[in-house]
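Working through the structure, step by step
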Amino acid sequence: MSLVQATQLAKTYRAGDIDVPAIKGVDFAIEPSSFVAFVGPSGSGKSTLLNLIGCLDHPTSGTLKVLDTDIATLDRKAAAKFRGEHIGFVFQDFNLIPVLTVFENVEYPLRMVQKWPAEKRREQVMQMLEAVGMTDQAAKRPDQISGGQKQRVAVARALVSNPKLVLADEPTANLDHDTAYRILELMKKMRDEFKTTFVFSTHDPKIMNEAEVTFTLEDGILRNGGHHA
Amino acid sequence: MLDVLAIATRNLLRYRRRTLLTLLLIVIGMVAVLLFIAVAGSFKSMMVGQITDSILGHVQVHRKGYVASIDSLPLNLNMKPQMVSKVEEALAQNPAVSSWSPRIKFGGMYSNFAETTSIRVNGVDPAREAATVPLLQGRLIEGDKNAALVERGKIVIPALLARGMKSKLGDTVVVVATNKDGSVNGKTFVVHGILEGISGPGGRDGYIHIEDARELLRMTEPEVSEIAVRLKDFARLDRDSGALRTALEGQTNKEGKPVLEVHDWSQLSPFATLARMIDMLTLFIKIMLVSIVLVAVMNVMMMAVFERIREIGTIAAIGTPPGRILSLFLAEGLMLGVVGTVSGVALSLAAIFGINVWKPTFAFGQQQNLVMAPTIAAGDVVTIAVLVIVVAVIASLQPAWKASRMDPISALRHV
């Protein structure tokens, strides 16, 4: 069974009196434990698609099932619960919480979303920090570490609650080339270690080659059905 | 909840200067209110205490119509012995009554044999008067405070009169009065004490023994102008005076008309208006405090939400339930309220303690060098503290609600 299954998925935004179609009836499937990239130029609909898969938005038409759940049926509260339980996010700007330490940032989903007990939380966070090589930076604040380190922390935060799926919207856009590759390597390593499905978006042709499955988007339309590297 | 409070504290410390300024506003507001309540409250208590415990008593009973003509001290509206007996019987049966003192009040002429002036005189039973208005004796600026207030043949005069007439302790003076039938009589007295004047009705009256008053006025039967009553618990004044009113004003004459009237001190003294104004001012000061806290906290929380839109988007995206986002921001308001309240209460209590050590004095009407001794009831402190905390949380409600309802996609796109 596919982890993500989209059928004639469409999303149209309304800008004033004008309908702006962002996704125009796409079909695709994402298999468990895969390393998938949605590629395409700016405005092609990558972020919209990731927002839909991440239950942050509802489709205008078509169906989108994530972990066999039709996301159109989820209200605001249920969608938040679903995201907290099954989906991790990595953002282009890292989006770490500045008042929390590295440890606390990674701990946040377990503390504020899933309410794990303190001891179990600590164990899990330390395991994640070790996996991303950030154990020695655990006590630092986000403004005390580099961009690459911030993204490592973000990856650890996305994985800490053992989600089935991690969505990363342009995760390397704010990183230099070497660091970007290292982050992608880290994500692949995490996929191998935790069997988590990684879906990321990028418009960087060099980065897209790192994906095992690539979907190319242009003007809201998929130009291929999932190219396997 | 502890997790939420811990993160709220971190967020407040993120903008230290702004948080400190907001706290400062709350603290200043709290100190202003608590000090005002303490100082104004103690002034009011002192003022009411002086009026009730040295002049009026808590409640007074008169013959119907007496209070309307009280300025002329009408002898024809004195209570007859039968009325007095009925009143005393009712007072004796009322468990809320601590003591009562019958008085004969009249206006007369005071002469030192060289000069003459007018005087208002109270004929009292010294023991019963002392039990009913226990601070009266304390107003003696000359004379023995430990002896009976007056004895037969002696008079206690107000300080202003003593100064004006150059009367001293031991001087022989004459009091001349007209009785209700219009006949004039005089009686010599020895000045036994000089009373400090006090603002308000009765504050510049003289005192003689009630039997001397009856003799001077040639009363054929033991009439009484008023009966001053002291209650056991002044805090229950409204309830207990109401019960007395019901019991005594229900008594009627042969025509079925009420023969008695009962008034509490606030109906007899113009200073009750001042006391009410103090209460009103306290209310306005409380409203100002609420406004300060409301505006200060709402402003800081609105700024907090505006500055953290992307952060709100992030925590919403990673699955933080809307209710928890709401509680995160409410907790910040709560923390501001609690810290501001604790600091404000501590500073206020320190200031009140400081004033009590310093003992500043002030004048109230005729009275000089009254020591300001502010006190504040625990109930007032708790009320204000709870009010500030609740208002701080209410002020955070709108920004917190806005944060919890924020669309994660728009929030994440926010620059």
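Our structure is the block above this text.
This write-up is about the structure you can find in this document.

Parameters and conventions
- Residues numbered from 1 in each chain as written.
- Chains lettered and ligands numbered in written order.
- Predicted model: local features only at pLDDT ≥ 70, side-chain atom pairs only at ≥ 80, totals over all residues.
- Helix = DSSP H or I, 4+ residues; strand = E, 2+ residues; numbered from the N terminus.
- Buried ≥ 20, exposed ≤ 12 C-beta atoms within 10 Å, placed from the backbone.
- Contact = placed C-beta atoms within 7 Å.
- Nonpolar A, V, L, I, M, F, W, Y, C, P; charged D, E, K, R; others polar.
- Axes fitted to C-alpha atoms, helices over the stretch in contact; angles between N-to-C directions.
- Parallel < 35°, antiparallel > 145°, perpendicular 65-115°, else oblique.
- Left-handed = near helix turned anticlockwise from the far one by under 90°.
- Core = buried A, V, L, I, M, F, W, Y, C linked by C-beta atoms within 7 Å.
- Pairing = 2+ DSSP bridges.

What about unusual backbone geometry?
All names here are of chain A. Positioned with a positive phi, Leu 67 is a non-glycine residue whose angle comes to about 55°. The topology assignment puts Leu 67 in the loop between β4 (61–66) and β5 (69–70). A count of 18 C-beta atoms within 10 Å places Leu 67 in the partly exposed class.

Let's talk about the interface of chain B and chain A
With 17 residues of chain B at the interface, the matching set in chain A holds 19 residues. Listed by contribution, the elements that provide at least two residues to the side of chain B that touches chain A are α1 (2–14), α10 (309–317), α11 (322–358) and α13 (408–413) of chain B. Top contributing element to the side of chain B that touches chain A by residue count: α10 of chain B, with 5 residues. Split by residue class, the side of chain B that touches chain A holds 7 nonpolar, 4 polar and 6 charged.

What to know about the packing of helix α5 (residues 147–159) of chain A against helix α6 (residues 177–194) of chain A
Helix-helix packing: each pair is described by the crossing angle between the helix axes and the interaxial distance. Residues and elements named next belong to chain A. Where α5 contacts α6, the axes come no closer than 10 Å and their chain directions differ by 20°. When the interaxial angle is binned, α5 and α6 end up roughly parallel. The crossing of α5 and α6 is right-handed. Residues Gly 147, Gly 148, Gln 151, Arg 152, Val 155 and Leu 159 of α5 pack against Thr 179, Arg 182, Ile 183, Leu 186, Met 187, Met 190 and Phe 194 of α6. Each residue belonging to the contact of α5 with α6 can be placed in one class, and the counts come to 7 nonpolar, 4 polar and 2 charged.

With respect to the nonpolar core
The tendency in soluble globular proteins is for nonpolar side chains to be buried side by side. Among the nonpolar cores identified, the biggest contains 118 residues, and Ala 156 of chain A together with Met 30 of chain B are the most heavily contacted of them. Grouped together as the second largest cluster of nonpolar side chains are 57 residues, Met 47, Val 87, Val 97 and Phe 106 of chain B included.

Examining the sheet that holds strand β2 (residues 18–30) of chain A
Residues and elements named next belong to chain A. Pairing is antiparallel across the open sheet formed by 4 strands, whose spatial order is β2-β1-β4-β5. Since the sheet does not close on itself, it has two edges, and those belong to β2 and β5, each with one partner. In the sheet, strand β1 (residues 4–15) pairs with β2 via 10 bridges, with the strands oriented antiparallel. Along β2, the bridge assignment pairs Gln 5 with Ala 29. Sheet strands in contact with helix α1 (residues 46–53) are β1, β2 and β4, and its direction is about 120° off that of β1.

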